[in-house]
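# A structural walkthrough
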Amino acid sequence: MKASLHFNLIRKEEILSPSPVRLRVMLPILSLLLVAALAVWWMLALTRAHAANQKLAAVNAEIESLSRSHQTVLSLCAEEKELSASLRQIGFYTNALTRFGGLLSGLPEHVPADIQITELYVPPPAPPPAPAPMPGVKAAAPTSTFECVSLRLAGRAGGDAPADAVDSLLTALRKPDFTNLIVRAAVPPGAFRQEAARGQGNRNTLLFEIQCDCVPRRFE
Amino acid sequence: MGINLSKLKIASKSAPVLDVVGMVLGAGLPQGVPAVRLARKDGVDDLVAGGFLDLSGELPATPEDAAAATPGSWQVPTAFRAPHAALAIHSGQAFLRHSAETRENGENGDPQMRSVSRATAPDLPPLTAGLPEFQAAWAARLFPEGRRPTACSIQIASTAAMSGFSHNPAFKKAGGNAIVMMVFPSYTALAAFQDSMLVLYREHPVGFRHVREAVSAQMRVDEAMAESVLDDTLVDPIPMIEPVLRPLLRQIEISVDYLARRRDCPVENFFICGLPTGFRYWASLFNRMLGRTPTLCRPLESFSGSPSAVLPDTHPLASDGTGQLFMAAIGAAFAVLDDHS
């Protein structure tokens, strides 16, 4: 009975919303705001793109203007590197210099009176072993920083005990005065012999050779 | 791709109405427009506010008057600002009667009248309520959009009063068959219920204003004095009001007889509502002619469980007299709450 007594004479289209926020009003406003926001966003995007293009053009022009100087700087840097490498190499050679002066100046004090030095020879170092050739690859330049150094002494010994004189010289070469340069000193087999070439009178004179291994040269 | 805004608007109103202000327009009361705000929470109806509003509730008499009115001009005090308003209208041009045709908002009917029909009992023709189109349209646009309240219901005052009466605990307690006299200023509506179904509705052109005028004329006092006479026991006004009420009571007698003979509906309970003054004399005459004692329905009784039902004695709703003037406002609000709950 309750529902049947509600004789509602109002029409649906006459029923208004009590809410101050109405879709009918808010939708157009929101649409306008959305369009305005999109327009602003689009304008900002265009402005930023324009600014970026301008900046790009300026940077390109600057690069163009600086490219010649840049090439110069690059070539100077390369030259500097090359010269520095050369200087370093020279420095290595300086460091690797074998100083025979001290040895030679001190040698006469240790040479017995019965010995005459006839030859003092520093042979050139043996070339390093060549790497195995690889097809299509250019052989690399020698890169070894290590070089063996040797010293060969030759002479003749006379007197009553020439062998002792040679031993005395060998012993002297193994003393601390020389060990800073000479690592090992020995008479190679067959290098101790009589001198026959100068006649029978010189049969007591012995020819000898002493082979010394020196401290190697290090190019560092 | 287009969006139908009106559909969106209607869809947004689908939430149940749980807070509504009921108002009576066209009552012509000097106190103002009777208004009550009701809220339904967890099935309990609460009387949030009630009183007479200082608004002009006078109905436009012609379409020209309605067209000249400013739409959206009404605003109510803060306490009455429910989201929705239910308007009960007293109009001399309105009607409520049993009719063979079923009408929904004026379709297939007189375009000058807006009408709606409801079946109240299975074996009876439907009841049709009608209101002039210009008055209904005027009432619908009294309140502005976007502010509380806005009109969600327009009802004839007598149907609204019936809705209010149906919530009265005295009627609920009585059960069975009952006749209620809804007294308005210029007419009295008679509604008969059989097993709580409305089976008879009649209007008789005798209202409480006629009674008051009769006392005023015969005692040669103004209407305010006549009203105090009807409220008091100093003078017995029955000889003055009996000629006025006799035809009405005779019609009730005939209706009771009709219900008993034709519908096998003996009426045991009689109720009067909407009568602001002189109930004791109406009841006395009623008892003398029909041998029964009617019960006065008090609007506040509908809110016996309401947290706000205890009102000061000076409140218009708490008074037995002026409280009756709110019956249609309360009924209009109840009808909306019942419809949407």
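Residues numbered from 1 in each chain as written. Chains lettered and ligands numbered in written order. Predicted model: local features only at pLDDT ≥ 70, side-chain atom pairs only at ≥ 80, totals over all residues. Heavy atoms only, no water.

Each helix and strand in chain B was counted, giving 10 helices and 13 strands. Burial analysis of chain B (341 residues in total) assigns 57% to the buried set. Excluding contacts between residues fewer than 6 apart, the proportion of contacts in chain B whose partners are at least 24 apart in sequence is 65%. Of the roughly 14,600 Å² that chain B leaves accessible, carbon and sulfur atoms contribute 51%. (Helix = DSSP H or I, 4+ residues; strand = E, 2+ residues; numbered from the N terminus. Buried < 20%, exposed > 50% of the residue type's maximum accessible area, 1.4 Å probe, protein only. Contact = heavy atoms within 4.5 Å. Areas by Shrake-Rupley, 256 points an atom, 1.4 Å probe, with all protein chains shown as cover.)

Here the focus is the pairing of strand E6 (residues 206-214) of chain A. All names here are of chain A. Strand direction decides the pairing type here: strand E3 (residues 150-157) and E6, joined by eight bridges, are antiparallel. Residue pairing across strands places Leu153 opposite Ile210, the latter belonging to E6. Bridging between strand E4 (residues 182-186) and E6 involves four bridges; their strand directions are antiparallel. Counted as the bridge partner of Ile182 is Cys214 from E6. Looking at chain direction, strand E5 (residues 192-194) and E6 are connected through three bridges and run antiparallel. Across the sheet, the residue bridging to Arg193 is Leu207, located in E6. (Pairing = 2+ DSSP bridges.)

A word on the interface of chain B and chain A. Contacts between the two partners involve 44 residues from chain B and, on the opposite side, 22 residues from chain A. For the pair chain B and chain A, the number of links is two salt bridges. Of the charged contacts, one joins Arg11 of chain A and Glu133 of chain B as a salt bridge, the two residues approaching to 3.0 Å between their closest N and O atoms. Where chain B packs against chain A, one counts 12 residue pairs in polar contact (both at pLDDT 80 or more). Counting only elements with at least two residues in the side of chain B that touches chain A, the list comes to helix H1 (5-11), strand E6 (113-118), strand E7 (127-132), helix H3 (133-140), strand E8 (150-156), helix H4 (157-166) and helix H10 (327-340) of chain B. (Salt bridge = Lys/Arg side-chain N within 4 Å of Asp/Glu carboxyl O. Polar contact = N/O pair within 3.5 Å; in protein donor to acceptor, adjacent residues only side chain to side chain.)

A separate point is a nonpolar patch on the surface. Together, Leu34, Leu38, Trp41, Trp42 and Leu46 of chain A give the surface a local cluster of nonpolar side chains, amounting to about 610 Å² of exposed area. Within the fold, Trp42 of chain A resides in helix H1 (residues 23-95). (Patch = residues over 30% accessible without salt bridge, like charges linked within 9 Å, V, L, I, M, F, W, Y side chains within 5 Å.)

This brings us to the environment of Ala88 of chain B. Residue and element names in this part refer to chain B. With respect to the helices and strands, the residue Ala88 is situated in strand E4 (residues 84-89). Overall, Ala88 belongs to the buried group, its relative accessible area being 0%. With residues up to four places along the chain from it excluded, the contact list for Ala88 reads Met23, Val24, Leu25, Gln155, Ala157, Ala160, Ala328 and Ala332.

Here we take up the side chain of Ser17 of chain A. Of note, Ser17 of chain A is situated in the segment before H1. Reaching out from Ser17 of chain A, the side chain makes a polar contact with the backbone nitrogen of Ser19 of chain A at a distance of 3.1 Å.

Another aspect to go through is the sheet that holds strand E9 (residues 178-183) of chain B. Strand order across the open sheet formed by five strands is E11-E10-E9-E12-E13 (chain B), with mixed pairing between neighbours. Only two strands of the sheet have a single partner each, and these edge strands are strand E11 (197-204) and strand E13 (295-296) of chain B.

All right, on to unusual backbone geometry then. Residues and elements named next belong to chain B. That bond from Arg148 to Pro149 is cis: its omega, -10 degrees, falls within 30 degrees of zero. Note on placement: Pro149 falls in the loop between H3 and E8. Phi at Asp195 takes a positive value of approximately 50 degrees, unusual for a residue other than glycine. In this fold, Asp195 is placed in the loop between strand E10 (188-194) and E11. Positive phi, close to 65 degrees, is recorded for Ser196, a residue that is not glycine. Tracing the sequence through the fold places Ser196 in the loop between E10 and E11.

All names here are of chain B. Between helix H6 (residues 208-219) and helix H8 (residues 238-262), the least distance of the axes is 9 Å, while the angle of their chain directions is 145 degrees. Relative to H8, the crossing made by H6 is right-handed. Side by side, H6 and H8 meet where His210, Val211, Ala214, Val215, Gln218 and Met219 of the first sit next to Met240, Ile241, Val244 and Leu245 of the second. Classifying every residue of the contact of H6 with H8 by side-chain character gives eight nonpolar, two polar and no charged. (Axes fitted to C-alpha atoms, helices over the stretch in contact; angles between N-to-C directions. Left-handed = near helix turned anticlockwise from the far one by under 90°. Nonpolar A, V, L, I, M, F, W, Y, C, P; charged D, E, K, R; others polar.)

Evaluated as defined, the whole model comprises 18 salt bridges over all chains. Salt-bridge contacts for Arg152 of chain A lead to Glu119 of chain A; the nearest nitrogen and oxygen are separated by 3.1 Å. Highlighted residues: Arg152 of chain A in strand E3 and Glu119 of chain A in strand E1 (residues 115-121), separated in sequence by 33 residues. Among the ionic pairs, Asp257 of chain B bridges to Arg261 of chain B, the shortest N-O distance being 2.9 Å. Of this pair, Asp257 of chain B and Arg261 of chain B both sit in helix H8, four residues apart, which is roughly one turn of the helix. Under the relative-accessibility criterion, Asp257 of chain B is labelled partly exposed at 38%.

Residue and element names in this part refer to chain B. As summarised here, the arrangement of the three strands in space is E5-E7-E6, forming an open sheet in which the pairing is antiparallel. Two strands bound the open sheet, and with one partner strand each, they are strand E5 (95-98) and E6. Averaged over all pairs of adjacent strands, the angle between strand axes in this sheet comes to 20 degrees, irrespective of strand direction. Two elements, E6 and E7, share six bridges in a ladder whose sense is antiparallel.

Time to look at the packing of H6 of chain B against helix H7 (residues 223-231) of chain B. Helix packing for two helices is described by the angle between their axes and how far apart those axes are. Residues and elements named next belong to chain B. It is at 8 Å that the axes of H6 and H7 come closest, and there the two elements cross at 105 degrees. If you check the angle between H6 and H7, you find them roughly perpendicular. Taken together, the residues of H7 that come into contact with H6 (itself represented by Val211, Arg212, Glu213, Val215, Ser216 and Met219) are Glu223, Ala226, Glu227, Val229 and Leu230. Split into classes, the residues belonging to the contact of H6 with H7 amount to six nonpolar, one polar and four charged. (Parallel < 35°, antiparallel > 145°, perpendicular 65-115°, else oblique.)

Our next topic: the pairing of E4 of chain B. Residues and elements named next belong to chain B. Where burial is concerned, most of E4 is hidden: six out of the six residues are buried. Every second residue of E4 is oriented toward a common face, with His84, Ala86 and Ala88 on one face and Ala85, Leu87 and Ile89 on the other, all of them buried. Strand direction decides the pairing type here: E4 and E8, joined by six bridges, are parallel. Following the sheet pairing, Ala88 is matched in E8 by Gln155.

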